[in-house]
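The primary structure of each chain is shown beneath.
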Amino acid sequence: MPFKEKPVNHTQDIEIPKWDIALANLVRDVYARDEVPLTLADFRNLAGQYAIRFDDIMATMFEMAVEGEWDYLNSAGDRQPITRAELEALYVNGRLNETDLREYAGAWQPAGA
């Protein structure tokens, strides 16, 4: 029986972000333009202005916070880390809703800003 070679995988492992890159770029551009942390009201305005689901924007923000790309600042202005477990607990019905986000009335900014 002849020796069979294993197929070679010529593709590279590519890391796929856990968030929406277009939304991430949108909020990064708004932050760069205004140079102030973004609030839930800012995200609601963006959602209305660009016909984007508010919860999609917030899911992106939470994912970036969990991964250390963005910081969440609580209402006192202190950095408050967000964990994966905390984020998963917010997804009661598969989507984030206004009620879930009441406790996040602070602001968001790029990590280290």
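Our subject is the structure listed above.
Residues numbered from 1 in each chain as written. Predicted model: local features only at pLDDT ≥ 70, side-chain atom pairs only at ≥ 80, totals over all residues. Heavy atoms only, no water.

Focus on the pairing of strand E1 (residues 70-73)
Phase 1: Neither face of E1 is left uncovered, since the one carrying Trp70 and Tyr72 and the one carrying Asp71 and Leu73 both have all their residues buried.
Phase 2: Here E1 runs beside strand E2 (residues 107-110); their pairing, made up of four bridges, is antiparallel. Across the sheet, Trp70 pairs through a bridge with Pro110, a residue of E2. (Buried < 20%, exposed > 50% of the residue type's maximum accessible area, 1.4 Å probe, protein only. Helix = DSSP H or I, 4+ residues; strand = E, 2+ residues; numbered from the N terminus. Pairing = 2+ DSSP bridges.)

Overview of the pattern of salt bridges
Phase 1: Enumeration according to the criterion identifies nine salt bridges in this entry.
Phase 2: Residue Glu98 pairs with Arg44 through a salt bridge whose shortest N-O separation is 2.9 Å. Separated by 54 residues along the polypeptide, Glu98 in helix H5 (residues 98-101) and Arg44 in helix H2 (residues 40-50) bring together distant segments of the chain.
Phase 3: Taking the relative accessible area as the measure of exposure, Glu98 reaches 39% and is therefore partly exposed.
Phase 4: On the accessibility criterion, Arg44 (36% relative accessible area) is partly exposed.
Phase 5: A salt bridge links Asp55 to Arg53; its shortest N-O distance comes to 3.1 Å. (Salt bridge = Lys/Arg side-chain N within 4 Å of Asp/Glu carboxyl O.)

Overview of the nonpolar core
Phase 1: Formed by 29 residues in total, the largest nonpolar core has its most connected members in Val27, Phe43, Met58, Met61, Phe62 and Trp108.
Phase 2: If you list the elements that add at least two residues to this core, you get helix H1 (21-34), H2, helix H3 (54-66), E1 and helix H4 (84-90).
Phase 3: Of all the elements, H3 adds the most residues to this core, at eight residues.
Phase 4: Apart from the residues within four sequence positions on either side, Trp108 is in contact with Pro37, Leu38, Phe43, Met58, Met61, Phe62, Ala65, Trp70, Asp71, Tyr72 and Ile82. (Core = buried A, V, L, I, M, F, W, Y, C linked by side-chain atoms within 4.5 Å. Contact = heavy atoms within 4.5 Å.)

So, the packing of aromatic side chains
Phase 1: Scanning all chains against the criterion turns up six aromatic pairs.
Phase 2: On the numbers, 6.1 Å between centres and 80 degrees between planes, the contact of Tyr31 with Trp70 is edge-to-face. Of this pair, Tyr31 sits in helix H1 while Trp70 sits in strand E1, and the two are 39 residues apart along the sequence. Across the pair, Trp70 and Tyr31 agree in class, each one buried. (Phe/Tyr/Trp six-rings, centres within 6.5 Å; stacked < 30°, edge-to-face > 60°.)

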